[in-house]
Amino acid sequence: MNNPIVIVGAGLSGLRAAFLLTKQGIKCRVLEARERIGGRVLSTPNPNKPDLGNFDLGPTWFWPQYERTIANLVKELNLETFDQYTKGAMLSERYHNEPPKRYVLPENSVERSVRIIGGVQSLINAIANTLPSGIVDLETRVTAIRLDNAGTITLEANLANGKKEEISASAVILALPPRIVARHIEFSPSLPRDLMTDLVNKPTWMAGQAKAVAIYDRPFWRESGLSGFATSWVGPLQEIHDASPDTGSGALFGFFGLPVEMRQELGEDKILKLVIDQLVRLFGPSAKDVSSILYKDWSRDLETAVEEDFNPLREFPIYGKPPKGGIWEKKIIFAGTENNSQFGGHLEGALQSAEQAVLEITNLKNEP
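These figures come from a predicted structure and were not determined experimentally. (Residues numbered from 1 in each chain as written. Predicted model: local features only at pLDDT ≥ 70, side-chain atom pairs only at ≥ 80, totals over all residues. Heavy atoms only, no water.)

(A) Seen up close, the packing of helix 2 (residues 68–76) against helix 8 (residues 347–365). At a minimum axis separation of 8 Å, helix 2 and helix 8 run at an interaxial angle of 85 degrees. Taken together, the axis directions place helix 2 and helix 8 in an arrangement best described as roughly perpendicular. Residues Arg68, Thr69, Ile70 and Leu73 of helix 2 lie in contact with helix 8, whose contacting residues are Leu347, Glu348, Leu351, Gln352 and Glu355. Class assignment for the residues of the contact of helix 2 with helix 8 results in 4 nonpolar, 2 polar and 3 charged. (Axes fitted to C-alpha atoms, helices over the stretch in contact; angles between N-to-C directions. Helix = DSSP H or I, 4+ residues; strand = E, 2+ residues; numbered from the N terminus. Parallel < 35°, antiparallel > 145°, perpendicular 65-115°, else oblique. Contact = heavy atoms within 4.5 Å. Nonpolar A, V, L, I, M, F, W, Y, C, P; charged D, E, K, R; others polar.)

So, in structure tokens, the structure goes:
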């Protein structure tokens with residue numbers, strides 16, 4: 001393998017693949033279209049009080065009792081964790097003009113989940129810090145991948161300065177949402193039809209979703225015996241959880257029940273006003289004293305969502321490895337959480353898919 005392995009995408013899966021390849025002494029390079037690493041991992045500080053920690057606008061937690069890959073990696077990287085707060089009663093809001101009902105859930109009815117101190121971005125940064133400098137190129141958007149008759153792979157990329165670059169590769173790991181691959185990268189020769197159909201029909205996890213985080217000086221709901229967990233048929237948030245850091249400020253985050261088109265029509269200011277109104281209905285007048293409110297609509301993130309993702313998911317998608325790539329077999333390897341059948345949609349799935357992709361590369365290297 002004279003040319004490096006080129007990894008497209010510097011999310012959790014792409015960075016982990018880079019670490020595993022580098023550890024084996026295999027040359028690699030990571031190309032990322034965004035100006036940051038992390039992909040769908042996004043941990044943001046309170047803009048008014050950045051010292052209060054980071055708040056996750058992407059994935060938030062994992063389940064160490066089931067998800068051993070991420071649990072072991074977090075331990076290996078010496079990252080600190082804390083249990084998601086679940087003590088106290090939950091709230092359920094079913095109808096307009098009717099107060100929410102309070103329920104005390106049976107003990108141990110909520111699965112223990114764990115959060116990383118500093119947000120999931122701490123995991124991303126810790127992996128990135130293990131890589132040799134210069135491996136990751138940001139604002140480098142891959143637009144085409146060509147395979148010539150001699151079996152040479154060439155990627156074409158647009159750079160932030162308007163220039164284009166051609167990059168030679170021994171093999172390519174595509175650590176991107178499948179629909180982003182299908183929509184934004186041109187292949188020559190074309191991918192097999194069944195492979196392209198699989199990519200297009202595989203929904204991108206979180207792509208149709210938006211998330212809001214309301215930050216407070218303290219987690220005041222706990223003083224009333226509430227866990228911060230709430231469900232609502234009224235909205236705009238349909239599911240709410242305690243998002244407070246392990247110490248210091250309080251926070252509540254929620255997923256939206258509003259469809260993409262309605263969120264776009266309302267606009268961010270109106271949506272966030274509705275969010276505060278809802279939190280006041282559920283948690284009382286103290287919810288109005290918000291220090292800051294963060295918002296991320298993933299459907300508007302061009303590196304995450306395509307138009308097909310605007311349709312809300314009615315059930316958990318069937319994820320897993322795509323069909324074989326014909327002439328591209330052993331040249332292109334797919335990674336990312338949508339390519340893992342057991343933990344698709346989870347951080348665990350992203351990590352396991354990276355391990356599988358690197359195993360395939362290692363097998364190629366060892367072929368006679």
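We are not done yet, so read on.
(B) Up close: the sheet that holds strand 6 (residues 89–93). Sheet architecture is open: 7 strands sit in the order 7-6-16-17-18-15-19, paired in mixed fashion. Edge positions in the sheet fall to strand 7 (101–103) and strand 19 (292–297), since each of these pairs with one other strand and no more. Ignoring which end each strand starts from, the neighbouring axes of this sheet average 20 degrees apart. Judged from the 3 bridges that link them, strand 6 and strand 7 form a sheet pairing that is antiparallel. Within the sheet, the bridge partner assigned to Leu91 lies in strand 7 and is Arg102. (Pairing = 2+ DSSP bridges.)

(C) Focus on the packing of aromatic side chains. Summed over all chains, the structure comprises 11 aromatic pairs. With 6.4 Å between their ring centres and 75 degrees between their planes, Trp61 and Trp63 make a pair best called edge-to-face. On the basis of relative accessibility, which here comes to 17%, the residue Trp61 falls in the buried class. Aromatic side chains Phe187 and Trp328 sit 5.7 Å apart centroid to centroid with 80 degrees between the ring planes, which places their arrangement in the edge-to-face category. With a gap of 141 residues between them, Phe187 in strand 14 (residues 186–188) and Trp328 in the loop between strand 19 and strand 20 (332–334) connect regions that are remote in the sequence. Considered together, Phe187 and Trp328 belong to a single accessibility category, that of buried residues. (Phe/Tyr/Trp six-rings, centres within 6.5 Å; stacked < 30°, edge-to-face > 60°. Buried < 20%, exposed > 50% of the residue type's maximum accessible area, 1.4 Å probe, protein only.)

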